[in-house]
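# Structural characterization, general
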Amino acid sequence: MPLRERQVPPVPPTPTWPRRTFLAASTATALTTAVLTSGTPAAARGRSGGVRPLGAADDFAALRKRWLDLQLGTGFDPAAEPYASRLAGTGTRAAAHRAEMRPTDVSLFPGYPFDPPAGITQSYQRLATMAEAFAQPGTGLTGDPELLAAVLTGLAHVHERVYHAGSERYGNWWEWQIGSPRLLLDIVAMLYDRIDAPQRAGYLAAVDHFLPPSVFDEYTGTSTGANRVDFCRVYAVRGILGEAPEKVALAAAALSPVFPYVTAGDGLYADGSFVQHTWVAYSGTYGYVLLDGLGRLFTLLDGTGWEVTDPDRRTVLDSVEHAYMPLVHDGLMMDSVSGRAVSRGILRQDTQHILQSDHTRGHQLAAAVALLGGAASAAEQRRWNAVVRGWIERDTALPMLTDPQFGVADLARLHAVAGERGGAVAPGPVGHRLFPAMARAVHRRPGWCAGLAMCSDRIAYYEAGNGENPRGWHSGAGMLYWWGPPETLDQYADDFWPTVDWYRLPGTTVSAKRLADNAGGEWGEPKPDVRWVGGATDGEFAAVGQHVRGLSSTLTARKSWFCVADAVVCLGAGISSQDGTAVETVFDNRNLGERGGAVFTVDGLPQSAAPGRIRTAGRARWAHLAGHGGWVWPGGTRLSALREDRTGAWSDINTDSVTDRVTRRYLTLWTDHGTDPAGAGYAYLLMPGASARTLAARAADRRWLTVDANTDAQQAVTVDSLGLSAANFWAPGRAGALSATAPASVLVRRSGRSATLHLAEPPRTGGAFEVTWHRPVREVLSADDGIEVVGRGRALRLRVTPGTDGTSRGCAVSLR
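These numbers come from a predicted model, not from an experiment. (Residues numbered from 1 in each chain as written. Predicted model: local features only at pLDDT ≥ 70, side-chain atom pairs only at ≥ 80, totals over all residues. Heavy atoms only, no water.)

With that out of the way, let us pick up the overall build of the protein chain. When helices and strands are counted, the protein chain shows 17 helices and 37 strands. Relative to the 2.2 N^0.38 estimate, which gives 28 Å for 816 residues, the radius of gyration of the protein chain is 28 Å and therefore close to what a compact globule would have. Taking the principal axes of the C-alpha coordinates as reference, the protein chain spans close to 80 × 60 × 50 Å. For the protein chain, buried positions account for 63% of its 816 residues. Summarising the internal contacts of the protein chain: among those between residues at least 6 apart in sequence, 71% fall at separations of at least 24. Only carbon and sulfur atoms are counted for the fraction: they give 51% of the accessible area of the protein chain, which is about 27400 Å². Across the protein chain, 80 positive and 81 negative side-chain charges occur, with their mean positions spaced 7 Å apart. (Helix = DSSP H or I, 4+ residues; strand = E, 2+ residues; numbered from the N terminus. Rg over C-alpha atoms; globule rule 2.2 N^0.38 Å. Buried < 20%, exposed > 50% of the residue type's maximum accessible area, 1.4 Å probe, protein only. Contact = heavy atoms within 4.5 Å. Areas by Shrake-Rupley, 256 points an atom, 1.4 Å probe, with all protein chains shown as cover. Lys, Arg positive; Asp, Glu negative; His and termini not counted. Charge placed at Lys NZ, Arg CZ, Asp CG, Glu CD.)

A few words now on helix α17 (residues 692–700). Taken together, the buried positions of α17 are occupied by L695, R698 and A699. Taken end-on, α17 shows its buried residues confined to a sector of 100 degrees, consistent with a single buried face. Every exposed residue of α17 that faces more than 90 degrees away from the buried side is listed here: R693 and A700. On its buried side, α17 packs onto β21 (620–625), β22 (629–637) and β25 (680–688). (Arc of directions from axis to C-beta.)

Glancing now at the sheet that holds strand β31 (residues 744–751). Strands sit in the order β26-β27-β28-β31-β32-β37-β34 across an open sheet of seven strands; the sheet is antiparallel. The two strands at the open ends of the sheet, each matched to only one other strand, are β26 (706–710) and β34 (777–783). On average, each strand axis in the sheet is inclined to that of its neighbour by 15 degrees, with strand direction left out of account. Two strands pair when backbone bridges link them, and β26 and strand β27 (residues 714–719) are joined in this way by four bridges, in the antiparallel orientation. Looking at the pairing, V707 lines up with V717 of β27. (Pairing = 2+ DSSP bridges. Axes fitted to C-alpha atoms, helices over the stretch in contact; angles between N-to-C directions.)

With that settled, the discussion passes to a positive patch on the surface. On the surface, a cluster of positive charge is made up of R753, R778, R792 and R816. Turning to its location among the elements, R778 is positioned in strand β34. Overall, the relative accessible area of 47% leaves R778 in the partly exposed class. (Patch = residues over 30% accessible without salt bridge, like charges linked within 9 Å, V, L, I, M, F, W, Y side chains within 5 Å. Salt bridge = Lys/Arg side-chain N within 4 Å of Asp/Glu carboxyl O.)

What follows deals with the packing of aromatic side chains. When we look at a pair of aromatic rings, we describe it by the centre distance and by the angle of the planes. On inspection of all chains with the given rule, the structure shows 25 aromatic pairs. Their ring planes at 40 degrees and their centres at 4.9 Å tell us that W176 and F210 sit as a pair that is tilted. Of the two residues, W176 sits in helix α7 (residues 173–190) while F210 sits in helix α8 (residues 197–210), which places them 34 residues apart along the sequence. Here F259 and F298 contribute two aromatic rings whose centre-to-centre distance is 6.2 Å and whose plane-to-plane angle is 50 degrees, an arrangement assigned as tilted. (Phe/Tyr/Trp six-rings, centres within 6.5 Å; stacked < 30°, edge-to-face > 60°.)

With that settled, consider the environment of V337. With respect to the helices, strands and loops of the structure, V337 is situated in the loop between β5 (332–333) and β6 (346–349). Given the relative accessible area of 0%, V337 is considered buried.

Turning our eyes to something else, we now look at the packing of helix α9 (residues 225–241) against helix α11 (residues 283–301). Each packed pair of helices is defined by two parameters, the angle between the axes and the distance between the axes. At a minimum axis separation of 8 Å, α9 and α11 run at an interaxial angle of 30 degrees. Regarding the angle of α9 to α11, the classification is roughly parallel. Seen from above, α9 lies across α11 with left-handed handedness. Touching G225, A226, N227, V229, D230, C232, R233, A236 and I240 of α9 are Y286, V289, L290, D292, G293, L294, R296, L297 and L300, all from α11. For the contact of α9 with α11, the residue count by class is eleven nonpolar, three polar and four charged. (Parallel < 35°, antiparallel > 145°, perpendicular 65-115°, else oblique. Left-handed = near helix turned anticlockwise from the far one by under 90°. Nonpolar A, V, L, I, M, F, W, Y, C, P; charged D, E, K, R; others polar.)

This next bit is on the sheet that holds strand β23 (residues 640–648). Taken in spatial order, the five strands line up as β12-β17-β24-β23-β20 in an open sheet, and their pairing is antiparallel. Both outer strands of the open sheet, β12 (509–511) and β20 (612–614), are each paired with one neighbouring strand and no more. Across the sheet, the mean angle from the axis of one strand to that of its neighbour is 35 degrees, orientation sign disregarded. Here strand β17 (residues 582–591) runs beside strand β24 (residues 662–675); their pairing, made up of eight bridges, is antiparallel. Looking at the pairing, E584 lines up with D672 of β24.

Moving on: the environment of I459. For I459, the location among the structural elements is in the loop between β10 (448–453) and β11 (479–483). A relative accessible area of 1% places I459 in the buried class. Expressed as a C-alpha distance, the spacing of I459 and G520, which sit 61 residues apart in the sequence, is 14 Å. In contact with I459, other than residues within four places in its own chain, are V275, W279, V280, A437, M438, A439, R440, M454, K527 and P528.

This part covers unusual backbone geometry. Cis geometry is found at the peptide bond from E81 to P82, where omega equals 10 degrees. Looking at the secondary structure, you find P82 in the loop between α3 (57–72) and α4 (83–100). Each neighbour pair has its own omega, and for D115 with P116 the value is 15 degrees, a cis peptide bond. Within the secondary structure, P116 is located in the loop between α4 and α5 (118–135). Residues other than glycine seldom take positive phi values, yet T278 does so here, at roughly 75 degrees. One non-glycine residue with positive phi stands out, namely N466, at about 55 degrees. Inspection of the secondary structure assignment puts N466 in the loop between β10 and β11.

Here we come to the side chain of Q71. For Q71, the location among the structural elements is in helix α3. By relative accessible area, which is 8% here, Q71 ends up buried. Reaching out from Q71, the side chain makes a polar contact with the side chain of R296 at a distance of 2.4 Å. (Polar contact = N/O pair within 3.5 Å; in protein donor to acceptor, adjacent residues only side chain to side chain.)

What follows covers the environment of D193. Turning to its location among the elements, D193 is positioned in the loop between α7 and α8. For the pair D193 and A727, spaced 534 residues apart in sequence, the C-alpha to C-alpha distance is 67 Å.

One pass over the full model with this rule turns up 36 salt bridges. Here R394 makes a salt bridge to D330, at a shortest N to O gap of 2.6 Å. Placement of R394 in helix α14 (residues 378–394) and of D330 in the loop between β4 (328–329) and β5 is noted, with a sequence separation of 64 residues between them. Classification of D330 by relative accessible area gives buried; the value is 15%. Linked through salt bridges whose partners overlap, the residues forming this network are R340, R344, E463 and E468.

This part covers the confidence of the model for the protein chain. Residues shown with low pLDDT carry predicted positions that ought not to be read at fine detail. Averaged over every residue, the pLDDT of the protein chain is 91; residues scoring 70 or more account for 92%. Segment residues 1–54 is flagged for pLDDT under 50; beyond a separation of four residues in sequence, or across chains, it makes 164 contacts in the model. (pLDDT = per-residue confidence, 0-100.)

Here it is in structure tokens:
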């Protein structure tokens, strides 16, 4: 059943706060020794047991204070920048909310009716801003009695009209079980002593009503991954505010199913993937929520009888470097793992517009990493902080320390990380990461980075829902993101999504067949009936491939990307369609910003900077875009190029976004395979950051690259100068010096008298197969589990039992 939810609600993201040591009040009052032995469902107890000591009233008061420290922060000077202006802004928004509050039977604020239930969450969000202005110093409304009265009136009104025990739930479940209770509980925490005990009990009873303990009975449906963490967060805070130890115990115990690696569905995978909604790559939003939520809960419960001690929580700490950091480039979180959140852009919220982009999502992740560092070892925390400092230093598109999304505590914590005395600054990483479980790949080289988004029968083409991302049809069809010089860091953040041509996403091969909004279904439903997606990597270079089937189309193609030292070698073959429309391979679609004056040359000849179709003579061999990099076509290509101004609004792709029209200029490069092609192909090199001279030299060097095969049976290349041979076998056969008895991906690296082979089975059937490298081998030095040496001498024969995880297995040899 599709999950009808909105993980990032129509409100600014809740700020994250630095980890604090337990308050003196807590250490001065010992936890009582009574033992909880019932009330915790077996499925929730998991490995952390569900057995927790009861807490004394003083301990709950200390925990309330700790939660407020997490939410509001401590240790900053409210009169100093950058905090003073943020606090003043909170006061300004709170005053505006107070002025506009108009309680009626159907709403609290005009324009935000309680039906649909998003109006409930939005009402609580405004009340939370007002409560924060009352509780925080320096807002201009700190301790204001009229503001307090307005908040209490608003709370009572929403409670009486709609959010109370006994009320029937309707619409989006997320609003009732996560969005509204999180905000309501934060308000109660901020105003705890200002709310009468009976009213407080009524608010807590409402939370109990809409989020009963039965949500933890099974780890299925909406109670998985990031959603389960949010449920536990609600339960823990509700238990603390109501001095209900059994609820805090349940929240701590119910986290256990989140920790182990999964092999299907929602959660973290051993290969670093994160999936939510069963088949959507979601590290950038749901994954962030999971990491942030766990950081808060670990910190909140640390040192108490409910401390999260499940040994499997180690997977969460490991995920920072294994699952999340590889997807952040110079402070931005790649859009390829943010699902429908890419459509949010500028949301209408409160009295301001809230910017969201790959950069703001990366900054949120940085804040979550800094928070979770308090639960890590000292060595881990040093490494993590060094990486965060590197992101802060290199993100010149949207400087992290001035990001307007952050509250004062986030800013204080990130400033503390940035200014840590003697703290190292980690450079940008170099290497390749494949994420087979979510069909994503990231290739990093000095000075540039590329990311690849694919889809399969396990991972959706795209996700739409809640009026978001209705045109993401082809964003999983081999979309190739890349960043070169620092000036390109805003390539996808600068109003890319509302203005780009959705039929010409960079790197994709697509049918020009027109598609309806939400084509294929919402909530990640549309998935192609293909299994061959993935590849092999040695951690530096890679062979990656995708069997493409078009969404609501007859298009089929085989696409390969061979990721090497200074380029991504892109091959396409077997491109066929019977849609009655043209089929195109989009070499690129670069966002040139508002002015779009970057010089574009083809084979050394400057092209017009004016909007319009660019006429290229004959078959183009190379092209360069100043400030970006360029492309090389071995053997030449029929190049189509268009420099155009495109106008759109974020509201075109997200119903909660602003209607302001924006215009961006694009340079689009593609080749037309014709109408209803049969077996068409292409070959080109993407070279981010390359100069025109480098591109011209590469195009002239006929020996640098050998394309050993480019058919719908095999795609393979050899780059002798790099000691590289790589092949994607769509079917058994031979390509160059490699052969395979079943579909497989093979990467060979030679260095002097030694070599390594890395092998994978992207279809993930688990069936054994053989790979032969037709090269004399002296000795097999090592082989991973699952690799058996069948023969060596004049050729190396390996029998591979790959398992079903799609990961690479390696073998090292010495050569004759």
